[in-house]
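Okay, here's what each chain looks like letter by letter:
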Amino acid sequence: METNRLSQTLEKALNAQMTNEAHNAQIYLAYGAWASDKGYEGIANFLFRHVNEERNHMMKFLEYILKRGGKVVVSAIPAPGDDPTSVNDCFEKVFKSEVDNTTNIYNLVNMSLAEKDWATWNFMQWFVKEQTEEETLALDLLAKMKVAGGINAKDDALYALDNDLAKTPDDATLAQDTTTENP
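> Tell me about the packing of aromatic side chains, and name the residues and values.
According to the stated counting rule, one finds five aromatic pairs in the structure shown. A network of ring pairs unites the aromatic residues Phe61, Tyr64, Phe123, Trp126 and Phe127 as a single cluster. Between Lys60 and the ring centre of Trp126, over which it is positioned, the NZ or CZ distance is 4.4 Å.

> Let's hear about the nonpolar core: which residues, and what values?
Membership of the largest hydrophobic core comes to 26 residues, with the highest contact counts inside it found for Ile43, Leu47, Val87 and Phe91. For this core, the secondary structure elements donating two or more residues are helix H1 (8-37), helix H2 (41-67), helix H3 (87-114), helix H4 (118-148) and helix H5 (155-167). The leading source of residues in this core is H1, at seven residues. Residue contacts for Val87: discarding those within four places in its chain leaves Trp34, Tyr40, Ile43, Met145, Leu158 and Leu161. The next biggest cluster of nonpolar side chains, apart from the first, holds 16 residues, and it includes Leu14, Phe61, Val72 and Leu108.

> Which residues make up the environment of Val72, and what values go with them?
Tracing the backbone shows Val72 in the loop between H2 and H3. Its relative accessible area of 17% is what places Val72 among the buried residues. Separated by 13 residues in the primary sequence, Val72 and Thr85 have C-alpha atoms spaced 36 Å apart. Non-local contacts of Val72, meaning those with residues more than four positions away in its chain, are made with Asn15, Met18, Leu62, Ile65 and Leu66.

> If you had to explain the packing of H1 against H3 to someone new, which residues and values would you point to?
At a closest axis distance of 11 Å, the pairing of H1 and H3 adopts a crossing angle of 170°. The angle between H1 and H3 places the two elements in the roughly antiparallel class. In this structure, H1 uses Thr9, Leu10, Ala13, Leu14, Gln17, Asn20, Glu21, Asn24, Ile27, Tyr28, Tyr31 and Trp34 to contact H3, whose residues at the interface are Val87, Cys90, Lys93, Val94, Ser97, Glu98, Asn101, Asn104, Ile105, Leu108, Met111 and Ser112. Each residue belonging to the contact of H1 with H3 can be placed in one class, and the counts come to 13 nonpolar, eight polar and three charged.

> Kindly report on H5, identifying the contributing residues and their values.
The terminal C-alpha atoms of H5 lie 19 Å apart, and with 13 residues this matches the ideal 18 Å at 1.5 Å per residue to within 8%. Of the residues making up H5, those classed as buried are Leu158, Leu161, Asp162 and Leu165. The buried residues of H5 occupy one face: seen down the axis, they fall within an arc of 105°. For H5, exposure combined with an orientation more than 90 degrees from the buried face picks out Asp156, Tyr159 and Lys167. For H5, the elements touching its buried residues are H2, H3 and H4.

Conventions used here
Residues numbered from 1 in each chain as written. Predicted model: local features only at pLDDT ≥ 70, side-chain atom pairs only at ≥ 80, totals over all residues. Heavy atoms only, no water. Phe/Tyr/Trp six-rings, centres within 6.5 Å; stacked < 30°, edge-to-face > 60°. Lys NZ or Arg CZ within 6 Å of the ring centre and 35° of its normal. Core = buried A, V, L, I, M, F, W, Y, C linked by side-chain atoms within 4.5 Å. Buried < 20%, exposed > 50% of the residue type's maximum accessible area, 1.4 Å probe, protein only. Helix = DSSP H or I, 4+ residues; strand = E, 2+ residues; numbered from the N terminus. Contact = heavy atoms within 4.5 Å. Axes fitted to C-alpha atoms, helices over the stretch in contact; angles between N-to-C directions. Parallel < 35°, antiparallel > 145°, perpendicular 65-115°, else oblique. Nonpolar A, V, L, I, M, F, W, Y, C, P; charged D, E, K, R; others polar. Expected span 1.5 Å × (residues − 1). Arc of directions from axis to C-beta.

Rendered as structure tokens:
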């Protein structure tokens with residue numbers, strides 16, 4: 001008896017996204033190691049915390065595929081790419097990575113909608129909200145970098161930014177969660 005509740009197309013796409021989440025973890029890991037090597041321990045800590053978050057996302061996809069009766073395919077993780085050339089470049093690369101991931105998530109939502117796979121569509125809604133949070137967090141990093149001087153940031157501004165990020169929470173406040181009492 002066939003127990004797989006996923007189409008071949010969605011199963012393949014969910015597996016690809018699982019690998020993509022592992023790739024995102026590698027990106028954060030590489031950038032965190034780069035930041036630490038440059039002496040930015042606060043930035044490194046911030047990035048290292050996101051490694052685990054991305055790995056948790058990977059596991060969510062793995063568990064979902066299994067619970068829907070699908071076959072998990074563990075693939076090679078692509079290399080994270082070149083090291084950043086500066087803190088500004090690091091944050092720009094983080095933002096680009098998150099935007100690319102959002103595109104992948106939206107593609108999965110569209111596929112599940114087209115196939116009328118409501119269980120997968122519902123599962124993907126958590127990731128839609130998560131990607132809104134991730135993009136907001138990346139935009140916040142870019143905004144902080146802009147205040148610090150952008151690509152021309154001086155050492156004292158980068159030092160302050162590094163200290164600030166050591167204490168920055170991992171979650172971003174989303175627009176839909178703000179009120180007049182809690183902007």
